[in-house]
Amino acid sequence: MIFENYNPLEEKRFQVMDETGNIVNPDLMPNLDEKTIIRMLRTMLQAREIDLKLVMYQRQGRMLTYAPNIGQEAATIGSISVLEKEDWMVPAYRELGAMLWRGMPLDKMFTYWYGNERGSHMAEDLKILPVSVPIASQLLHAVGIAWASKLKGTTEITITYFGDGATSQGDFSEAMNWAAAYQTPVLFICQNNQFAISMPRSKQTRAHTLAQKSVAYGMPGIQVDGNDVFAMYAASMEAAERARTGGGPSLIEAYTYRMGAHTTSDDPKRYRSDEELDSWKGKDPIARLTKYCLNKKLVSEEEIETWRKEYIAEVDQVFKQVEQNSDMKPEEIFENMYSKMTPQLQEELDDYKNYLAWKERGQQ
Amino acid sequence: MPELNLLKAVNLALRQEMRRDERVVVYGEDVGYEGGVFRATEGLQQEFGEHRSMDTPLAESAIVGTAVGMAINGMIPVVEMQFGGFVYPAFNQIISHVARMRNRSRGRYTLPMVIRFPYGGGIRALEHHSESMEALFAHIPGIKVVIPSTPYDAKGLLSSAIRSPDPVIFMEPKRIYRAFKQEVPEDDYQIPIGKAKVEQEGTDITLIAWGAMMQETRKAAAVLSEKGLSPEVIDLRTISPYDSETLVKSVKKTGRVVIVHEEPRSFGTGSELVTMLTEKAFLYLEAPPARVTGFSTIIPLPRGEQHYLPSTERIVMKALETIQFLT
Ligand SMILES: Cc1ncc(C[n+]2csc(CCOP(=O)(O)OP(=O)(O)O)c2C)c(N)n1
């Protein structure tokens, strides 16, 4: 009973693996097979390489605004990995690791961030909602999806992600209240990365922890070391089992750190110190799991190097394709507005095509 | 006289109004310490302190809702919404209270307050960072909607907005935040809300636009002039209440009009202006009033934006069609 032992009002933080990769809480170490642990490590490495590459492309002028996930790989992968294929994922925009885990194709993700809606078109069997930019708005969708699962009598659960800043929005309160009142099977994963752009977590709310906010809604809540993939997994698994067996929603505050910029348009040096960043580098979730895996001889340094190179090469190759295939035809702007194109939209499209033809004829 | 871009002109207006009247407070997400994500409020916290230039929790409804209370209790809040796409959590406060408090209380409670935000496309941004939805706000009786298109106007109009006894939505065309500089007097000056500006006089056709679309419209006017035509160019400057007098006068002279806007076509500001012009200048019209606008669609992500946003060429084509109508 992890949640019970880590009462948020007592301000405890749940950890299984410390910064050096040692298991400090063996009783609560989740029972994961080697294959899964290696997959976790690999997905984290892949997410990291994608972030580094896309940020670099942005600097080179090849990429638009991008929101990197660096430092938050354990928070997303540790939680998403408790889901079954039938379960739903409702993201914000900083869940690359979770998307990769669920099998979201790279070309789709890149296409989205490269500025084409085609990137938000999920395959039929991929139960992931499109990226949601308006802060906290997606939480209500998660509650609705989970409510429908419950009404339909399925065992599906829904996981949803949001940041520390999102907890100030009305939609957060409404979603938490509703989910608890109707006992909908939702996992609320708050990635407390300590900042909402320039706004530090301490100024966002007077509450000592974000996990505490669950209490007033009548929902189990817990603060977890979000850079510890095992702790994230164990807490999420307990919440998932509760949700699947009619026990309703849970709030997990993943206590982590955004090691990169908010987005490529942001300069974090304006509002936080190098020392603070450096102190978090020692807590890097990937370094931690790598140490664990090396100690246990689950992987070798050489293997890790090989994987990294493969990931980098894959990003290179997929991104080039995306660059070449992302232009939008005028039709694409109109086609998905309604189930059927309305006469009015058809007229606007025809007008626009007339204009293109006029331009083509040398403005005659 | 300093040469400033539009963004710096906004900053200067805020600074001067805060110096002039200590009731003026500025707040919003990342507005204080950071100076705003576009730096519109840069330096204000340093000069005026944390009690006058404030960071807020991430909650637009709260930002606008508290501004209503602040204004009722003697302050002049000038609040920022980070982007036009993120005003909507505050829409309830805007439509239910900001717009209605004066009328509801029969003038006992009034709301001298400004809600400012960057709007519009053309900067290759993420979803919700590009829309242009002025008609949505203009449709609400009880608030004023102002959009500058030059640095000079930005300062004069924002200064007026802050001194206005009525609540003002001040939309800033972020695409041209840094597009060009202009001489902006340090001296105090206001540009009246509700007055359009005839930027270029002409006799063949009236081109009406505002905000970032003024740039395309100015270029289109130059192309038309090169072709030997004489366009009149009007910057609407205030969407609501708009300056029908100036528009009607112009259209009575030219008999032809093209309205350019970035917002979606249907139920857009253009629809209102065309109706008004048809009502007031019907017998002077020599061609159907025309519009060059964004489509009645969601503004696409950056790879499709160039189709959506009215271009100089689209304006030129429509203007030529209108001029050639039945001639
Ligand atoms: C409703 C709304 N208001 C403002 C924004 C602009 N904005 C984008 S991200 C962000 C900060 C979000 O912080 P947090 O919820 O902590 O998530 P993080 O970005 O740190 O992952 C803001 C203010 C937005 N996207 N939506």
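Residues numbered from 1 in each chain as written. Chains lettered and ligands numbered in written order. Predicted model: local features only at pLDDT ≥ 70, side-chain atom pairs only at ≥ 80, totals over all residues. Heavy atoms only, no water.

What to know about the packing of helix α6 (residues 137–151) of chain A against helix α7 (residues 170–181) of chain A
All names here are of chain A. Here α6 crosses α7 at 15°, and the two axes come no closer than 7 Å. If you check the angle between α6 and α7, you find them roughly parallel. Helix-helix and strand crossings are classified by hand; for α6 and α7 the assignment is left-handed. On α7, the residues touching Ser137, Leu139, Leu140, Val143 and Trp147 of α6 are Asp171, Phe172, Glu174, Ala175, Trp178 and Ala179. Within the contact of α6 with α7, the residues separate by chemical class into eight nonpolar, one polar and two charged. (Axes fitted to C-alpha atoms, helices over the stretch in contact; angles between N-to-C directions. Helix = DSSP H or I, 4+ residues; strand = E, 2+ residues; numbered from the N terminus. Parallel < 35°, antiparallel > 145°, perpendicular 65-115°, else oblique. Left-handed = near helix turned anticlockwise from the far one by under 90°. Contact = heavy atoms within 4.5 Å. Nonpolar A, V, L, I, M, F, W, Y, C, P; charged D, E, K, R; others polar.)

Details of the side chain of Glu305 of chain B
All names here are of chain B. Relative to the assigned elements, Glu305 resides in helix α11 (residues 302–308). One buried charged side chain, Glu305, makes no salt bridge at all; its nearest oppositely charged neighbour is Arg124, positioned 6.6 Å away. The residues touching Glu305, leaving out its near neighbours within four places in the chain, are Gly121, Gly122, Ile123, Arg124, Ser130, Ile299 and Pro300. (Buried < 20%, exposed > 50% of the residue type's maximum accessible area, 1.4 Å probe, protein only. Lys, Arg positive; Asp, Glu negative; His and termini not counted. Salt bridge = Lys/Arg side-chain N within 4 Å of Asp/Glu carboxyl O.)

Digging into the domain arrangement of chain B
All names here are of chain B. Domain assignment breaks chain B into domain 1 (3–183) and domain 2 (197–323). Using C-alpha coordinates to define each centre, domain 1 is positioned 26 Å away from domain 2. Both sides of the domain 1 and domain 2 interface together cover about 2,100 Å² of buried area, and 54% of this is carbon and sulfur. Between domain 1 and domain 2 we count two salt bridges in total. Across the pair Arg237 and Asp153 runs a salt bridge, and its minimum N-O distance is 3.3 Å. (Domains from an automatic or database assignment. Buried area = accessible area lost by both parts, 1.4 Å probe.)

Side note on the environment of Val292 of chain B
Residues and elements named next belong to chain B. When you line up the elements, Val292 lands in strand β14 (residues 290–294). Judged by its relative accessible area of 4%, Val292 falls in the buried class. Between the C-alpha atoms of Val292 and Val248, which are 44 residues apart in sequence, the distance is 19 Å. Contacts of Val292, omitting those with residues within four sequence positions, involve Val258, Ile259, Val260, His261, Pro310, Arg314, Ile315 and Lys318.

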